[in-house]
Amino acid sequence: MEIGLVFLLAVGSFFMLLGAFSLVKLSEFFKRLHGPTKASTLGVGCILATSVGYHAWAGSDPQPRELLITAFLFITAPISAHLMAKAGLSLRMDERPQLPGVSEEDTHVPPRPDGQYDEYAPDQTEERHDPQ
């Protein structure tokens, strides 16, 4: 049982470190959003599972604290990541100036799905069509 708890704790710590590293090292907003959301959720989940397992192994009274934290985390993390991504799309985060030292190939942005002209996009040659 102890080996399993140590393994879960090591896996959780690894994923937390991976999430922190991806937040610091990735170049774009959407990449920086994706890495920590997935890795940190898995990391905290493993650490909380270790805590539940330790309390079960030690024979102490079951505490709903870890289960409530886990449920709250698994419900709120994907929703908050989705809302931040939607906000980033509406603020056109993909068109912001690039970070220093980042190449053009690293930040490819697909065209807008609605097909409308974007006045801030540098590579569009169509004329702007106003519906007025």
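Above this text you will find the structure in question.
These remarks concern the structure in this document. (Residues numbered from 1 in each chain as written. Predicted model: local features only at pLDDT ≥ 70, side-chain atom pairs only at ≥ 80, totals over all residues. Heavy atoms only, no water.)

Moving on: helix α3 (residues 64-90). An ideal rise of 1.5 Å per residue puts 39 Å on 27 residues; α3 measures up with 39 Å between its terminal C-alpha atoms. Listing the buried residues of α3 in full gives E66, T70, L73, A77, A81 and G88. Once α3 ends, the next one or two residues include R92, with phi positive near 55°. (Helix = DSSP H or I, 4+ residues; strand = E, 2+ residues; numbered from the N terminus. Expected span 1.5 Å × (residues − 1). Buried < 20%, exposed > 50% of the residue type's maximum accessible area, 1.4 Å probe, protein only.)

This part is about the environment of P64. In this fold, P64 is placed in helix α3. P64 sits twelve residues away from V52 along the chain, and the two C-alpha atoms are 9.1 Å apart.

The next point concerns helix α1 (residues 2-25). For α1, which comprises 24 residues, the first-to-last C-alpha distance of 34 Å matches the rise-based estimate of 34 Å (1.5 Å per residue) to within 8%. For α1, the full list of buried residues reads L5, G12, G19 and S22. On its buried face, α1 is in contact with α2 (29-58). (Contact = heavy atoms within 4.5 Å.)

On to the pattern of salt bridges. One pass over the full model with this rule turns up one salt bridge. When the shortest N-O distance is used, the salt bridge between E66 and R65 registers 3.8 Å. The exposure class assigned to E66 is buried, which follows from its relative accessible area of 6%. Given a relative accessible area of 47%, R65 falls into the partly exposed group. (Salt bridge = Lys/Arg side-chain N within 4 Å of Asp/Glu carboxyl O.)

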